[in-house]
Amino acid sequence: MVDDATIAGIAAERFGIEGELRRLPGERDVNVVLDGRRGRFAVKIANAAERIDALDMQASALAHIGLTDPDLPVPRPIATIDGPYTTVVDIEGHQHGVRAVTYLEGHLAELDDPVTTELAASIGATLARLERALQGFFHPAANRHLLWDARNAADLLPWTEAVADAELRRTVATTIERYAAGTATRMAGLPAQVIHNDLHTANLLVAAPGSAAITGVIDFGDMVHGARAQDVATAVAYCLFGTDDPAAMAARVVASFCSRTRLERAEVEALPSLVAVRLAQSITIGARRAEIHTEKAARILADVAEAGVALDRWLALDPGDVEAALLAAAGHPLPTRSTADVLRSRAAHLHPGLHLSYDEPLHLVRGEGVRLYDAAGRRYLDAYNNVPQVGYGNRRVAAAVANQMAMLNTNTRYLTDAVVDYAERLAALLPEPLDTCLFVNSGTEANDLAIRMARAVTGRRGVVVSERAYHGWTEGVLEVSPEELRPDRMARHVATIPPPRPGEDPTLAARRAIAGLEADGFAPAALMVDTIFSSDGIHDPWPGSLAAVAAVVRAGGGLFIADEVQAGLGRVGTRFWGFAADGVVPDLVTLGKPAGNGFPVGVVVTSHALAEQFAASEYFFSTFGGNPVAAAAATTVLSITLEDELPQRAEAVGHMLRSGIADIVGRVGVAAEIRGAGTFIGVDLGDGAVAKRVVEGMRASMVLVGTTGWRDAVVKIRPPLVFGEDDAAELLVALDDVMSTI
Ligand code: PMP
């Protein structure tokens, strides 16, 4: 046993530290506090068995944390007078590594002190900081073999003999065997770094007994390069001591950890097994140590018993429930309910007017690119949805949204970069003088606002729309959406025109519509047109037709609103906007649906002059409209659309689809008109029942399409814009099969 005078001598000679000496409790090492002029330090003389490089790793890690998170309360290493953090002394013929660190004040808890939920939350948050602080750290000694490393749990199997209680012995062995046969094989794929590997109450200092304020993290003696999930599992495992609600306690630690950093889904999924294995390690190693250190056996076995209770309680939980609780705590979408259960709950709690697509509704759980996956794991080719413009689950959009959400989300009453970046980019893509944006959250809102603006600026009320137009669901735009209105509900200030047909003069109908409005005492405020006439059955306006209709309405004093919710952003091909079919420049353009790839984004773009006129008389502010997260999503969608030349792709793939479909209908002898532009394609079969058979047949062939138009007789093909030639070929094969049998 080394005496105080020797220790004081080493401290003074090697570290230049002098002061009053007090011994600290320590299991393997000799630890003292020296209280002197320079402050309070702990000097640690390691067990002779301790590798010097492992001691150096600890000191280097503490120094690293001092740089990366200086406020994290960990001891600071003190360098020796010679330079290195660790020095070696000979004590009675044995070589011992010696280090000095700053002394942290606080109350040292016991392993079996009950953990409050507040302390569990502090532990989660502290561990997250610690892991982040150590992210960039490495040391060759981190590549070492430790029995406390969950990945080596199977090495402990022979030691389970030391567990006295036969039932607990079996539980521990089964836990380790299950881990070795399951989770162990997935460990190599989890994010890894140098981890603390032993964060529990006995290695934490708190402000006072019972306090949740952590004032220190000590004991870095079990550090190793391992999976981050091991670190989280260890923290969780020891928080379970004494709790009767282990799932809630674990969720508390994980939620708190994830409030500071992110856990991947696979990491969370590994946790239940890692927590169990850590408790099994604790029990086995404890039982073994009790055999060796008989003088401390009672104390060690008390901890073993606690761990045994915690393990039993943990294993008694329903594994699915634990996983669900932890995934929810980590912010990951939960596993699905059964399809029957979702149907039942939907019927009970969702608006009954929302019909479901397809005779056998789809229960979707995941999307990737142009693919959708249902709860049974079946994979569909989506040729119907345009909202995922750059693909389902697009990582770049998801990252932009997540990063902006974690950084700042606020509203347009403050200066933020993202929204002006997006407004600039949109303006650059539109013809002059369309350069001023009003941000809202959907196509409906954009149309509602655009009509309000047109009315405010013109002082008129009438609106001209197409016969079966759909522009949204608010009271304001539903009245200009005859597709969804019974004829007797049509407002007298709304008049309709048919979609322009080649060979027909569209101005005749426009004049008639205005005359009709005037006969009812209304003057036109606006012509609002979905520039691909989607709900009218998909009609690509022939060049000059929109300009001609717009000219009539403008001559009558109204404005031209191009609803680009469907046709815009490259859907119709390289002309990029539906209205660009001819030279007409709208007064207002509205955007929605694909703009945020599923994140709510709606925009009205107009001229500065018109917006100023509106602002002079009317109020507008949308809390969420143009928020930085929405702007990040929208900017990313725009970048990908342009960088990946998606409008060009829509042009080529659309051409391939239309000519392929023409071949099929020609071959099978079905009467059909194929219309549209880019990858917005309508196949008019003239009969709703036939169109429905095609749609259901395609669904049975795992390809999703829909219907639109009068009596739903038009098959609508409008895939995500990333839809490629291989996808088109796959669609055509399925369509060929289906068309041959209807
Ligand atoms: N305009 C058009 C042309 C649309 O097709 C739709 C929706 N189908 C809307 C507006 C309304 O968009 P949202 O449902 O996103 O509000």
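Please read these numbers as outputs of a predicted model, since none were measured by experiment.

What counts, and at which threshold
- Residues numbered from 1 in each chain as written.
- Predicted model: local features only at pLDDT ≥ 70, side-chain atom pairs only at ≥ 80, totals over all residues.
- Heavy atoms only, no water.
- Helix = DSSP H or I, 4+ residues; strand = E, 2+ residues; numbered from the N terminus.
- Rg over C-alpha atoms; globule rule 2.2 N^0.38 Å.
- Contact = heavy atoms within 4.5 Å.
- Areas by Shrake-Rupley, 256 points an atom, 1.4 Å probe, with all protein chains shown as cover.
- Lys, Arg positive; Asp, Glu negative; His and termini not counted.
- Charge placed at Lys NZ, Arg CZ, Asp CG, Glu CD.
- Near = heavy atom within 4 Å.
- Polar contact = N/O pair within 3.5 Å; in protein donor to acceptor, adjacent residues only side chain to side chain.
- Core = buried A, V, L, I, M, F, W, Y, C linked by side-chain atoms within 4.5 Å.
- Buried < 20%, exposed > 50% of the residue type's maximum accessible area, 1.4 Å probe, protein only.
- Domains from an automatic or database assignment.
- Phe/Tyr/Trp six-rings, centres within 6.5 Å; stacked < 30°, edge-to-face > 60°.
- Lys NZ or Arg CZ within 6 Å of the ring centre and 35° of its normal.
- Arc of directions from axis to C-beta.
- Axes fitted to C-alpha atoms, helices over the stretch in contact; angles between N-to-C directions.
- Parallel < 35°, antiparallel > 145°, perpendicular 65-115°, else oblique.
- Left-handed = near helix turned anticlockwise from the far one by under 90°.
- Nonpolar A, V, L, I, M, F, W, Y, C, P; charged D, E, K, R; others polar.

Caption draft 1: The arrangement of the overall build of the chain in detail. The secondary structure content of the chain amounts to 21 helices and 26 strands. Against the globule reference of 27 Å for 742 residues, the chain gives a C-alpha radius of gyration of 35 Å, more extended than a compact globule. Considering only contacts within the chain whose residues lie at least 6 apart along the sequence, 73% involve residues at least 24 apart. Carbon and sulfur atoms form 52% of the exposed surface of the chain, whose accessible area is close to 32,000 Å². Taking the average location of the 66 positive side-chain charges in the chain and that of its 93 negative ones, the two points are 3 Å from each other.

Caption draft 2: Up close: the site of the ligand. Surveying the vicinity of the ligand reveals the residues S442, G443, T444, N447, Y470, H471, D530, D563, V565, Q566 and K593. Here T444 contributes a side-chain N or O atom positioned 2.4 Å from an oxygen atom of the ligand. Here the ligand, which alone exposes 390 Å², has 82% of that area covered by the protein. In terms of residues, the shell around the ligand owes the most to one element, helix α13 (residues 443–458), which gives 3 residues.

Caption draft 3: Spotlight on the nonpolar core. Formed by 84 residues in total, the largest nonpolar core has its most connected members in V254, L274 and L279. Shared between two domains, this core takes at least three residues from each, and those domains are domain 1 (4–102) and domain 2 (107–329). Not counting the four nearest positions on each side in its chain, L279 is found in contact with A237, L240, F241, A307, A310 and L311. Counting residues in hydrophobic clusters, the runner-up holds 44 residues, among them V629, V637, V665 and L685.

Caption draft 4: Main features of the packing of aromatic side chains. Under the definition given, this model contains 4 aromatic pairs. Aromatic pair Y238 and F241: ring centres 5.6 Å apart, planes at 55°, arrangement tilted. Y238 gets classed as buried once you look at its relative accessible area, which sits at 4%. Put simply, the rings of F576, W577 and F579 pair up and form one aromatic cluster. Positioned over the ring face of Y373 is R366, at 4.2 Å from the centre of the ring. In this structure, R413 packs its charged tip against the face of F621, placed 4.1 Å from the ring centre.

Caption draft 5: View of helix α17 (residues 608–617). Where α17 is concerned, the buried positions are L610, A611 and F614. Projected down its long axis, α17 carries its buried residues within an arc of 100°, all on one side. Turned more than 90 degrees off the buried face of α17, the exposed positions are A609, E612, A615 and A616. In the core, the buried residues of α17 are packed alongside β15 (434–440), α13, β19 (559–563), β20 (588–591) and β21 (602–607).

Caption draft 6: The packing of helix α3 (residues 117–134) against helix α5 (residues 228–239), seen in detail. Following both chains from N to C, one finds α3 and α5 inclined at 160°, their axes separated by 11 Å at the closest point. With respect to their mutual orientation, α3 and α5 come out roughly antiparallel. Regarding α3 and α5, the two cross each other, and that crossing is right-handed. Residues A120, I123, L127 and E131 of α3 pack against R228, D231, V232, A235 and C239 of α5. A breakdown of the residues in the contact of α3 with α5 according to their chemical character gives 6 nonpolar, no polar and 3 charged.

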